[in-house]
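# Working through the structure, step by step
Chain residues, written in single-letter form:
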Amino acid sequence: MADEAKLLTCAETALRDLQKARDKLYSAHNMGVFDILGGGLLTSIAKHNDIDEVNRCLQNAKYDLTCLRKQLDAADLQVDLIDLGDGLRILDTWLDNIFTDLTVQDKINAAQKQVNQAIFQLQNIIARLKA
């Protein structure tokens, strides 16, 4: 019973972190669209600040997801950090052009899909643990 309570706590903590990441991804997506339409330096900085916050949330979630994967044999329950690399970040911020904006936007869109899928899986796991 204690193991189930620990798993439920891990799942709920990971879910909260993923939901925070989803919200910040939504903000980063909006900033990205604005940046593509000509937002400029401040928009790029705001977008990258959102991406940094997303990565902090995902890093926190990864710890709890590792516990769940081991205990529940849920190998497909995984999220990855948004890896822009220093070069792309610098290009997107300082050289600000449509090509880097679109590349970063693609990475944001991929992360949104992955986080939404992980949230859906976690909600199902939590429902099973509570049953």
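Refer to the structure presented above.
Let me sum up the structure you'll find in this document. From a predicted model like this one, the values you see are computed outputs, not experimental measurements. (Residues numbered from 1 in each chain as written. Predicted model: local features only at pLDDT ≥ 70, side-chain atom pairs only at ≥ 80, totals over all residues. Heavy atoms only, no water.)

Moving on to the overall build of the protein chain. Counting its secondary structure elements, the protein chain contains four helices and zero strands. Listing the helices and strands of the protein chain from first to last along the sequence gives α-α-α-α. Taken over the C-alpha atoms alone, the protein chain extends approximately 55 × 20 × 20 Å along its principal axes. Buried residues in the protein chain amount to 40% of all 131 residues. Look at the contacts in the protein chain between residues 6 or more apart in sequence, and 76% of them connect residues 24 or more apart. (Helix = DSSP H or I, 4+ residues; strand = E, 2+ residues; numbered from the N terminus. Buried < 20%, exposed > 50% of the residue type's maximum accessible area, 1.4 Å probe, protein only. Contact = heavy atoms within 4.5 Å.)

We now examine the pattern of salt bridges. Pairs can form between side chains of opposite charge once their charged atoms are near each other. Scanning the model with the defined rule gives eight salt bridges in all. Between Lys130 and Glu12 there is a salt bridge, and its shortest N-O distance comes to 3.5 Å. With Lys130 in helix α4 (residues 98-130) and Glu12 in helix α1 (residues 2-36), this residue pair connects regions lying 118 residues apart in the sequence. Lys130 sits in the exposed class, given a relative accessible area of 55%. The network of salt bridges with shared partners includes Asp35, Lys47, Asp92 and Asp101. (Salt bridge = Lys/Arg side-chain N within 4 Å of Asp/Glu carboxyl O.)

This part takes up the nonpolar core. Leu18, Leu25, Leu58, Leu65, Leu68 and Leu122 are the most contacted members of the largest nonpolar core, which has 31 residues in total. Secondary structure elements with two or more residues in this core: α1, α2 (41-72) and α4. (Core = buried A, V, L, I, M, F, W, Y, C linked by side-chain atoms within 4.5 Å.)

It is worth spelling out a nonpolar patch on the surface at this point. Together, Leu41, Leu42, Ile45, Ile90, Leu91, Trp94 and Leu95 give the surface a local cluster of nonpolar side chains, amounting to about 730 Å² of exposed area. Of all the secondary-structure elements, those providing two or more residues to the nonpolar patch are α2 and α3 (85-95). Broken down by element, the residue count for the nonpolar patch peaks at four residues, all from α3. Relative to the elements of secondary structure, Leu42 occurs in helix α2. (Patch = residues over 30% accessible without salt bridge, like charges linked within 9 Å, V, L, I, M, F, W, Y side chains within 5 Å. Areas by Shrake-Rupley, 256 points an atom, 1.4 Å probe, with all protein chains shown as cover.)

Restricting attention to buried positions, one finds in α3 the residues Leu88, Asp92 and Thr93. Axial view of α3: buried residues confined to an arc of 120°, hence all on one face. Exposed and oriented more than 90 degrees from the buried face of α3 are Asp86, Trp94 and Leu95. (Arc of directions from axis to C-beta.)

At a minimum axis separation of 9 Å, α3 and α4 run at an interaxial angle of 125°. Accordingly, the angle class assigned to the pair α3 and α4 is oblique. Of the two possible hands of crossing, α3 and α4 adopt the one that is left-handed. Judged by residue contacts, Leu88, Leu91 and Asp92 of α3 engage Thr100, Asp101, Thr103, Val104 and Lys107 from α4. (Axes fitted to C-alpha atoms, helices over the stretch in contact; angles between N-to-C directions. Parallel < 35°, antiparallel > 145°, perpendicular 65-115°, else oblique. Left-handed = near helix turned anticlockwise from the far one by under 90°.)

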